[in-house]
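# Coordinate analysis (summary)
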2 protein chains.
Amino acid sequence: MSDVIAAEQRNDKRIVQIELGDRSYPIVIGRRLFDDASVWSSAGEGDCAAIVTNTTVGPLYAATLERAISNRFRRVIHIELRDGEEFKDAASLNHIFDRLLSERADRKTVLFALGGGVVGDMTGFAAACYMRGIPFVQVPTTLLAQVDSSVGGKTAINHPLGKNMIGAFYQPRLVVADLDTLSTLPAREFAAGLAEVIKYGPVLDPQFFNWIETNIDALIARDTDALGYAIQRCCELKAEVVAKDEHEANVRAVLNFGHTFGHAIETGAGYGVWMHGEAVGCGMAMAADLSARLGMISEAFAIRLRRLVERAGFPVVGPRLGADRYLELMRHDKKSEGGEIRFVLLDEDGHASIRPAPDTIVRQVIDANCQRS
Amino acid sequence: MSDVIAAEQRNDKRIVQIELGDRSYPIVIGRRLFDDASVWSSAGEGDCAAIVTNTTVGPLYAATLERAISNRFRRVIHIELRDGEEFKDAASLNHIFDRLLSERADRKTVLFALGGGVVGDMTGFAAACYMRGIPFVQVPTTLLAQVDSSVGGKTAINHPLGKNMIGAFYQPRLVVADLDTLSTLPAREFAAGLAEVIKYGPVLDPQFFNWIETNIDALIARDTDALGYAIQRCCELKAEVVAKDEHEANVRAVLNFGHTFGHAIETGAGYGVWMHGEAVGCGMAMAADLSARLGMISEAFAIRLRRLVERAGFPVVGPRLGADRYLELMRHDKKSEGGEIRFVLLDEDGHASIRPAPDTIVRQVIDANCQRS
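Just so it is clear, the structure is predicted and the values come from calculations on it, not from any experiment.

### Some thoughts on the packing of aromatic side chains
For the structure shown, the criterion picks out 22 aromatic pairs over all chains. For the pair Trp 40 of chain A and Phe 112 of chain A, a centre-to-centre distance of 6.3 Å together with 50° between the ring planes defines the contact as tilted. With Trp 40 of chain A in the loop between strand S3 (25–30) and strand S4 (46–54) and Phe 112 of chain A in strand S6 (residues 110–115), the pair connects residues that are 72 residues apart, well separated along the chain. Just as Trp 40 of chain A is buried, Phe 112 of chain A falls in that class too. Seen in terms of ring centroids, Phe 208 of chain B and Trp 211 of chain B are 5.9 Å apart; in terms of plane orientation they differ by 15°. Their pairing is stacked. Of this pair, Phe 208 of chain B and Trp 211 of chain B both sit in helix H6 (residues 206–220), three residues apart, which is roughly one turn of the helix.

### Overview of the interface of chain B and chain A
Taken together, the contact pairs 25 residues of chain B with 25 residues of chain A. Taking both sides of the interface into account, the surface hidden between chain B and chain A amounts to around 2100 Å²; carbon and sulfur atoms contribute 62%. Where chain B touches chain A, the interface holds zero salt bridges. Here chain B and chain A share eight residue pairs in polar contact (both at pLDDT 80 or more) between them. Where the side of chain B that touches chain A is concerned, the elements lending two or more residues are helix H2 (90–102), helix H3 (117–129), strand S8 (154–159) and strand S9 (162–169) of chain B. When its residues are assigned to classes, the side of chain B that touches chain A shows 14 nonpolar, six polar and five charged.

### So, the layout of surface pockets
Approximately 330 Å³ is the volume found for the second largest pocket. Forming the boundary of the second largest pocket are 25 residues, of which Ala 90 and Asn 94 of chain A together with Ala 90, Leu 93 and Asn 94 of chain B lie nearest the centre. Mapped by element, the contributors of at least two residues to the lining of the second largest pocket are helix H2 (90–102), helix H3 (117–129) and strand S8 (154–159) of chain A together with H2, H3 and S8 of chain B. Looking at the lining of the second largest pocket element by element, the count peaks at five residues for H2 of chain B.

### Some details on helix H11 (residues 323–331) of chain A
All names here are of chain A. Turning to H11, its buried residues are Ala 323, Tyr 326, Leu 327, Leu 329 and Met 330. Relative to the axis of H11, the buried residues are bounded by an arc of 165° and lie together on one face. Looking at the buried residues of H11, the elements they touch are helix H8 (259–269), helix H9 (276–293), strand S11 (343–348) and helix H12 (359–369).

### A word on the environment of Gly 322 of chain B
Within the fold, Gly 322 of chain B resides in the loop between helix H10 (299–311) and helix H11 (323–331). The sequence separation of Gly 322 of chain B and Arg 372 of chain B amounts to 50 residues, and the corresponding C-alpha distance is 7.6 Å.

### With respect to the relation of the copies chain B and chain A
Overlay of chain B on chain A (RMSD 0.1 Å): rotation 180°, translation along the axis 0.0 Å. Here the copies are linked by what is in effect a two-fold axis. Residue by residue, 100% of the interface of chain B is reproduced at the interface of chain A, so both copies engage with the same surface.

### Quick word on the pairing of S11 of chain A
Residues and elements named next belong to chain A. Looking at chain direction, S11 and strand S12 (residues 351–355) are connected through five bridges and run antiparallel. Directly across from Glu 348, in S12, lies its bridge partner His 351. The turn joining S11 and S12, which pair antiparallel and follow one another in sequence, is formed by two residues; a positive phi near 90° is taken by Gly 350.

### Remarks on the environment of Ile 341 of chain B
For Ile 341 of chain B, the location among the structural elements is in the loop between H11 and strand S11 (343–348). Between the C-alpha atom of Ile 341 of chain B and that of Asn 369 of chain B, which follows or precedes it by 28 residues, the distance is 19 Å.

### Observations regarding the packing of helix H5 (residues 187–204) of chain B against helix H9 (residues 276–293) of chain B
All names here are of chain B. Two elements in contact, H5 and H9, have axes separated by 7 Å at closest approach and are oriented at 25°. For the element pair H5 / H9, the angle class is roughly parallel. In this structure, H5 crosses over H9, and the sense of that crossing is left-handed. Residue-level inspection shows Ala 191, Ala 192, Ala 195, Glu 196, Ile 198 and Lys 199 of H5 in contact with H9, the latter providing His 276, Gly 277, Val 280, Gly 281 and Met 284. When its residues are assigned to classes, the contact of H5 with H9 shows six nonpolar, three polar and two charged.

### Here we look at the state of the cysteines
Two cysteines, two sulfur atoms, one covalent bond between them: this is a disulfide. Residue and element names in this part refer to chain B. Summed over the entire model, instances satisfying the criterion amount to zero disulfides over all chains. Not part of a disulfide, Cys 370 finds its nearest cysteine sulfur in Cys 282, a span of 6.2 Å. What makes Cys 370 buried here is its relative accessible area of 6%.

### Quick word on the UniProt feature "domain: 3-dehydroquinate synthase N-terminal" (unreviewed entry) in chain A
According to UniProt, the "domain: 3-dehydroquinate synthase N-terminal" (unreviewed entry) feature falls on residues 79–191 of chain A. Along residues 79–191 of chain A, the helical share is 33% and the strand share 29%, with 28 Å between the first and last C-alpha atoms.

Calculation rules
Residues numbered from 1 in each chain as written. Chains lettered and ligands numbered in written order. Predicted model: local features only at pLDDT ≥ 70, side-chain atom pairs only at ≥ 80, totals over all residues. Heavy atoms only, no water. Phe/Tyr/Trp six-rings, centres within 6.5 Å; stacked < 30°, edge-to-face > 60°. Helix = DSSP H or I, 4+ residues; strand = E, 2+ residues; numbered from the N terminus. Buried < 20%, exposed > 50% of the residue type's maximum accessible area, 1.4 Å probe, protein only. Contact = heavy atoms within 4.5 Å. Buried area = accessible area lost by both parts, 1.4 Å probe. Salt bridge = Lys/Arg side-chain N within 4 Å of Asp/Glu carboxyl O. Polar contact = N/O pair within 3.5 Å; in protein donor to acceptor, adjacent residues only side chain to side chain. Nonpolar A, V, L, I, M, F, W, Y, C, P; charged D, E, K, R; others polar. 1 Å grid on protein atoms, 1.4 Å probe; cavity = no way out; pocket = protein on both sides within 12 Å on 5 of 7 lines; lining within 4 Å. Points joined across faces, edges and corners; volume = space filled by probe spheres on them. Arc of directions from axis to C-beta. Least-squares fit on C-alpha atoms with pLDDT ≥ 70 in both. Pairing = 2+ DSSP bridges. Axes fitted to C-alpha atoms, helices over the stretch in contact; angles between N-to-C directions. Parallel < 35°, antiparallel > 145°, perpendicular 65-115°, else oblique. Left-handed = near helix turned anticlockwise from the far one by under 90°. Disulfide = S-S within 2.5 Å. UniProt positions renumbered as here; feature names shortened; annotations may be inferred.

Following this line, the structure appears as structure tokens:
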């Protein structure tokens, strides 16, 4: 596998080419992509396509997508799933298989995942398994999915005993990130995506961190030029990380920056009280503070990151759970090993690594950054 | 991917090395392999292994397999599925996932598939999907599975609307084919495997065809030396075919020799009336006759093949269905395209290709080889 990523901007479109040998594919980012026939040329063509979406996104964009691809496929099947993480399960997956088989979809059928991360994960996994693998195209309609699901090939469904436990690494043939779909995105979901965008600067790219600082107001205002560049850069950075480490593990774990504290905040406050984006935003500020207290980065850099999180509209003070509870929750984190919490920490401005930290310092961080009990 | 296959015979063990880059693995064929620690060295080691088997094979060999691997894994989970093709479904697959998750099996857990093709297909697919892929080892205990499932990486479950519709291409880390397990195989299942062994000669290797002719009595008597060589040669031949065409399609289809007529016989007579091996055996004789009538092979070669099928104990006269019914059934075959039946035909002694044939000649073959209506 090569880690070469070619990016270019054609007219108003940005294209990030993910190089994975015979599994290479382009990510096309821009406006009005549904009306642009050239965008869909690498989606393939043939007898049958299936648009898999959910009851929220389907009414908004499924007909538009069908128009965009109808000259490439003789028939287009529509499969609508219920909206929500709680339906990312074996029953929904089977529904996709039932529909494909009852429509006699053959192994050249192309699946189109139209929606956010849940639709993308389920459709990708369905494509990985149907007749042992058929092509699929990602059409992410949330900022989080455009940044996060476009690169890496992770597909999965949840199991009652664990999230994303059943899945496959399976690459799409094409990703189309239409910026216009972000205009209909609820504030909560936009914020979740924005937290992930901000994350890429401090852990991977100081220049991009500077750029986000300069353009944070445009991003919040959903300016499509700013969003287009941010999505492009995040996809490039994630592709570099994934190329080093396609099947999981250490290098890739830096993308969990802010998530150790963030998950503790989410779980400790009770799901739904803190939004995921808010929790990750606050978690990044706390992880930066921990890095500074360990002498790994300058205090000035930690403060800059906290200001950026604040300007993005996220809280920077964690909920009042008590340090014991925070530590207990973080010990249950996926990354912990033998009960030792492993933090994603900044070890210089714009670079991260995974390591444990002394409980006493972690307690100082919680005391300094959370409401006092 | 390389198509190099290295075979060697060490002491009484035969080893076929399947070369697939970083997914390469050995097939070990021999007697008393459960007692041979060196055989299991490429199975890996670690905290957890799971033996997946069924209610028929488990009581015979699961404890023996556990002893063979117990020094490599700290704990060994046993998962027993119900025996039969009708249980090769999503419910059984979920049972495997439920057990693995409730036992907290992590992503380094190694699955061992102990049984025939059904257990191998389901366990392989479970390994492909659990936490997006964990290692697995095939321990096939039927002749059919030792010949057929050892090479090719096909895994799947059935769906109510079609066999093997949901699955993945996923390679094992090791295949251990212990010839002693064949001693407990029911006659019906042994015959099914033998038909597949015979198949490899006429379509791929004239020398192997000669060898089978010379050794057919030893094979029928389940002589382990003869079976060991036959399984080795079939694995080598299949590996060459699969290397040309890992993900299905044309080259690989020659392995369906005898199956077009065979499936028509099985379905037309009613499932269970003809055994699968019997139907494939008779189907090979019919396909050879068709090849001879089309002038593709000598009549002498077709007669030799029919004699071999007869000596192996299979019927060479098909059931009385009528030519119309045969043609109708064959038009529903997977390989048919646009209603045109595509036969695997011998185009010279020891070589095959896929092609249509005129209905009039096919009717002659049916009239000459089946009971008259």
